[in-house]
Amino acid sequence: MIGLGIESSCDETSIGVVEDGRIIRSLKIYSQIDAHAVYKGVVPEIASRAHLEKINSILESALLEANIELTELSYVAVASNPGLMGSLMIGAMLARCIGLVHGTPIVPCDHLEAHIAAVRLNNPSKADDSSKVSKGKDKLDINGEELNFPYLGLLLSGGNSSLYIHHGWKKLEKIGDTLDDALGEAFDKAASILKLPYPGGPHVEAQANQYLQRVQGNQKDLKVNLLPRLMAGAKADDLSFSFSGLKTALLYLVRDNPNLDTDRIAFEFQESCFDHVIRNIKKACKLTGISTVVAGGGVLANSTLRKKLDNLHESDNLRIIYPQSKLLCTDNGAMIGCLGYHLYSEGYVEGLDFRVSPKRFINNTMSEIK
Ligand code: KG4
């Protein structure tokens, strides 16, 4: 079964053609980063206009690459929430047009659930950000094991830092969320304080890596002592995230010590953030008795975080799964096509009048418990 996935919730216009929820026949991503970089954040009006300008050509090239016609699609999946309203509406209008003209069933998808579904996709064989084009291999690849419900979902992106129990398709139960900034947002703000370019995550990581290379594993230099430990006093059943205090501490540290080593500060910032994430994962697994965690979102592109997640297998016997391809961590149409496949297979289809919303959970059967 071949379906289309449309993603336009924020600042990436992306369309993927996905076969059987697993094989990426094509994936096109147009990133708007250059348009927003000057403002150091996403400007909603600019984002929706850019989606409108690009989405038709992205569709054409995705279909061409996959060698498929619109009439051959079994379903068209589209990110319907959460996201920027103006941006979501562009993707939704395209899905409605395809549905109206060709009678293709429409499957609105929760963007957050799609990030968690992304691990079910095969790695693109040419996961190359510069070409923005990739094709799938015909091989199931979730560390060679089946992924059965329930498992925990961890979302770390520019707009979300949250933990869920994924009970089944459209059955997401939220068990932890950020009290303030999302982790990606915190990286972006930290980068701005450190005078690094936007988006900040990859630049903070690069500075931290320079520091690590310099100190070459010297334990004394690997201690975090300039910046605070996050939510260190939180109760065992509190799975909240909070990153804004760290950002403020960083701001004052840099203001009062202009000559401090930027590489070291970037390293400490990253360590403090990831220590908080790892602690919450361990707490969530202990509280729920679930030992498999599926992670997604742009911050999962960070290699230091990936290593720390991998280490949890050895240290705590936890199975942490995230997309091996960094391209699939970020917003992309293939993950929407993948979730669409599973929802469509369970008979979930909506009419042309389906809703889009900036909110989470509009279409889910389980509500938030916090
Ligand atoms: O999921 P995503 O692509 O999109 C939105 O949420 O819009 O996440 C983007 C976020 C940005 O805040 C970016 O700074 C962060 O992911 N990010 C990273 C890295 N690469 C991207 N954060 C830390 N380390 C990275 N290597």
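Here the structure is a predicted model, which means the values were calculated and not measured.

**Student:** What am I meant to see in the site of the ligand here?
**Tutor:** Residues in contact with the ligand amount to 21 residues; listed here are only the nearest, Gly158, Asp188, Glu205, Gly298 and Thr330. Contact between the ligand and Glu205: a nitrogen atom at 2.8 Å from a side-chain N or O atom of the residue. With respect to the ligand, the backbone of Gly298 contributes an N or O atom lying 2.9 Å from an oxygen atom. Contributing elements (two or more residues each) for the shell around the ligand: α5 (183-193) and α6 (201-215). Broken down by element, the shell around the ligand gets its largest block of residues, four residues, from α5. Considering only residue class, the shell around the ligand consists of six nonpolar, 11 polar and four charged. Among the domains, domain 1 (2-128 + 330-369) and domain 2 (132-322) are the pair contributing at least three residues each to the shell around the ligand.

**Student:** What should I look at first to understand the pattern of salt bridges in this one?
**Tutor:** Note on pairing: side chains with opposite charge can pair once their charged atoms come close. Under the definition given, this model contains 16 salt bridges. For Asp261, the salt bridge identified is with Arg214, shortest N-O distance 3.0 Å. Taken as a pair, Asp261 in the loop between α7 (244-256) and α8 (262-288) and Arg214 in helix α6 lie far apart in primary sequence, 47 residues in all. We note a salt bridge from Asp275 to Arg279, for which the minimum N-O separation is 2.9 Å. Note that Asp275 and Arg279 are positioned in helix α8 at a spacing of four residues, about one turn of the helix. Since its relative accessible area comes to 27%, Asp275 is described here as partly exposed.

**Student:** What is the right way to read unusual backbone geometry from this model?
**Tutor:** Where the residue is not glycine, phi is negative for most of them; where a peptide bond is considered, it is trans in most cases. Cis geometry marks the peptide bond from Phe149 to Pro150, where omega comes out at -5 degrees. The residue Pro150 is located in the loop between α4 (111-117) and β6 (151-156) in this model. A cis amide bond links Tyr198 to the next residue, Pro199, at an omega of -10 degrees. By secondary structure assignment, the location of Pro199 is in the loop between α5 and α6.

**Student:** Explain helix α9 (residues 303-316) here, please?
**Tutor:** For an α-helix, the turn length of 3.6 residues means that residues three or four places apart are oriented alike. When the terminal C-alpha atoms of α9 are compared, their 20 Å separation across 14 residues agrees well with the 20 Å that a helix rising 1.5 Å per residue should span. Within α9, burial applies to Thr304, Leu305, Arg306, Leu309 and Leu312. Looking at the buried residues of α9, the elements they touch are β6, α6, α8 and β10 (319-321). With a side-chain oxygen positioned 2.9 Å from the backbone nitrogen of Thr304, the residue opening α9 is Asn302. In the segment just after α9, Asn317 is the residue with positive phi, at about 55 degrees.

**Student:** Mind showing me how you'd approach the packing of α5 against α7 here?
**Tutor:** Packed helices, taken two at a time, are described by their axes: the angle between them and the distance between them. Running from amino to carboxyl end, α5 crosses α7 at an angle of 5 degrees, the nearest separation of the two axes being 10 Å. Classified by the angle their axes make, α5 and α7 are roughly parallel. Two secondary-structure elements touch here, α5 through Lys189, Ala190 and Ile193 and α7 through Lys247, Leu250, Leu251 and Val254. Residues belonging to the contact of α5 with α7 are distributed by class as follows: five nonpolar, no polar and two charged.

**Student:** Would you take a moment to explain the confidence of the model for the protein for this structure?
**Tutor:** If pLDDT is low for a region, its predicted coordinates should not be looked at in detail. When pLDDT is averaged along the protein, the result is 91; 92% of the residues meet or exceed 70. With pLDDT under 50 throughout, residues 126-141 is counted as low confidence; its partners more than four residues away or in other chains account for 44 contacts.

**Student:** Would you explain helix α2 (residues 44-66) in this entry?
**Tutor:** For α2, built from 23 residues, the straight-helix expectation of 33 Å at 1.5 Å per residue is met to within 8% by its first-to-last C-alpha distance of 31 Å. Along its length, α2 shows its largest kink, about 40 degrees, at Lys54. When α2 is considered as a whole, its buried residues turn out to be Ala47, Ser48, Ala50, His51, Ile55, Ile58, Leu59, Ala62, Leu63 and Ala66. Among the structural elements, β1 (2-7), β2 (12-19), β3 (23-31), α1 (33-37) and α3 (85-102) are those in contact with the buried residues of α2. At the exit of α2 stands Asn67, carrying a positive phi of roughly 55 degrees.

Thresholds, definitions, all that
Along each chain, numbering runs from 1 in the same order as the chain's sequence is written. Local features are withheld for residues below a pLDDT of 70 in this predicted model, meaning they are given only at 70 or higher, and side-chain atom pairs are given and counted only at 80 or more; totals for whole chains, interfaces and linings count all residues. Computation of side-chain values: all heavy atoms of the structure, hydrogens and water removed. Being near a molecule or strand, for a residue, comes down to having at least one heavy atom within 4 Å of it. Whenever a nitrogen or oxygen atom comes within 3.5 Å of another N or O atom, the pair is scored as a polar contact, on the condition that within protein one atom can donate a hydrogen and the other can accept it, and that pairs from neighbouring residues in sequence are kept only if both atoms are in side chains. Runs of H or I in DSSP of at least four residues are treated as helices and runs of E of at least two as strands, each being numbered from the N terminus. Basically, the charged four are Asp, Glu, Lys and Arg, the nonpolar ten are Ala, Val, Leu, Ile, Met, Phe, Trp, Tyr, Cys and Pro, and anything else, Gly included, counts as polar. Reported domain spans reflect what an automatic or database domain assignment gives. Within this document, salt bridges are pairs made up of a side-chain nitrogen of Lys or Arg and a carboxyl oxygen of Asp or Glu, the two lying within 4 Å of each other. Under the scheme applied here, a residue whose accessible area is under 20% of the maximum for its type counts as buried, over 50% as exposed, and between as partly exposed, the area being computed with a 1.4 Å probe on protein chains only. Here the expected length of a helix is defined as 1.5 Å per residue gap, with one fewer gap than residues. Contacts are assigned to residue pairs that have any heavy atoms within 4.5 Å of one another. In this description, a line fitted to the C-alpha atoms serves as the axis of each element, helices being fitted only across the stretch in contact, and the angle between N-to-C directions of two axes falls anywhere from 0 to 180 degrees. Orientation is classified from the angle alone, with under 35 degrees giving roughly parallel, over 145 giving roughly antiparallel, 65 to 115 giving roughly perpendicular, and any other angle giving oblique. For every residue, the predictor states its confidence as a pLDDT score lying anywhere from 0 to 100. Bend at a residue means the angle formed by two fitted axes: the first through the 7 residues ending at that position, the second through the 7 residues beginning there.

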